[in-house]
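Report on the structure
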Amino acid sequence: QVIDELAGGGSNKTAAIEALVQSRSPRAVAPIAAQLKDARPEVRAAAAEGLGQLGLAEALPLLRSSQSDESPFVRSAAVDALGLLRAPEAVAPIVERLAKDADGSVRQQAAIALAYLGAQQAEDALAAALDDKEAGVRYAALRTLGAVRSAKAEMIVAALAGKLDIRELTTETLAYDQRALRDL
């Protein structure tokens, strides 16, 4: 019944994806992956998130291709899902989104996703993101550097301690998040 909902043009595709994710079955990958081509961004995003929640390695190439989706909502979901996979191979595509995506919400999610991975190899990219034009990206990069807890990350954060006004950064981040929510 769930597969039928996904195969048809039903309006409950996101619920069907969630049900398949709950099954935790590797057989759920193919029907969920098929939804990455749906016309609706919310369905594509739910499919990307679902693949990440399944946590299976075969989702990696599918999610990498979703990182170039036209919708920032889908790209953000794909980046988050790549982080959820916790696969070392996910670091490079996430860093690429952090450095190059045109949308601030995608860059912010990339910085957050790197925290899932504890990605010490992304420290330089996170340090560069501290100069991003969007406060939310800077805040997420700073938090992720704090979560990495390597000597290099601690040095980067310590060097910034006297330069950043955390209250200002938090206020800017909250304002950015409010704009992003309105745009959805």
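Residues numbered from 1 in each chain as written. Predicted model: local features only at pLDDT ≥ 70, side-chain atom pairs only at ≥ 80, totals over all residues. Heavy atoms only, no water.

Moving on, we get to the overall build of the protein. Regarding its fold elements, the protein presents 12 helices and 0 strands. Of the regular secondary structure in the protein, the N- to C-terminal order runs α-α-α-α-α-α-α-α-α-α-α-α. Taken across its 184 residues, the protein has 47% of its residues classed as buried. For the protein, restricting intrachain contacts to residue pairs at least 6 apart in sequence, the fraction spanning at least 24 positions comes to 60%. Approximately 9600 Å² of the protein is accessible, and the part contributed by carbon and sulfur atoms is 52%. (Helix = DSSP H or I, 4+ residues; strand = E, 2+ residues; numbered from the N terminus. Buried < 20%, exposed > 50% of the residue type's maximum accessible area, 1.4 Å probe, protein only. Contact = heavy atoms within 4.5 Å. Areas by Shrake-Rupley, 256 points an atom, 1.4 Å probe, with all protein chains shown as cover.)

Right, let's get into the nonpolar core. Within the largest apolar cluster, 53 residues are counted, with the highest numbers of intra-cluster contacts made by I32, I94, L98 and L114. Here I94 is in contact with Q67, V79, L82, G83, A110, A113, L114 and L117, once residues within four sequence places are set aside. (Core = buried A, V, L, I, M, F, W, Y, C linked by side-chain atoms within 4.5 Å.)

The relative placement of two packed helices is expressed as an angle between their axes plus a distance between the axes. Close contact between helix α8 (residues 104-117) and helix α10 (residues 135-148) brings their axes to 8 Å; oriented N to C, the two are set at 5°. Regarding the angle of α8 to α10, the classification is roughly parallel. Together, G104, R107, Q108, A111, I112, L114 and A115 of α8 and G136, V137, A140, A141 and T144 of α10 make up the contact between the two elements. (Axes fitted to C-alpha atoms, helices over the stretch in contact; angles between N-to-C directions. Parallel < 35°, antiparallel > 145°, perpendicular 65-115°, else oblique.)

Take the confidence of the model for the protein next. Here the protein averages 86 in pLDDT, and 82% of its residues register 70 or above. Per-element confidence in the protein ranges from a low mean pLDDT of 51 for helix α12 (residues 166-183) to a high of 97 for helix α6 (residues 72-85). (pLDDT = per-residue confidence, 0-100.)

This part covers the side chain of R97. Position of R97 relative to the elements: it lies in helix α7 (residues 91-100). Sequence-distant contacts of R97, defined by excluding residues within four places in its chain, comprise Q67, R75, V79, V106, R107 and A110.

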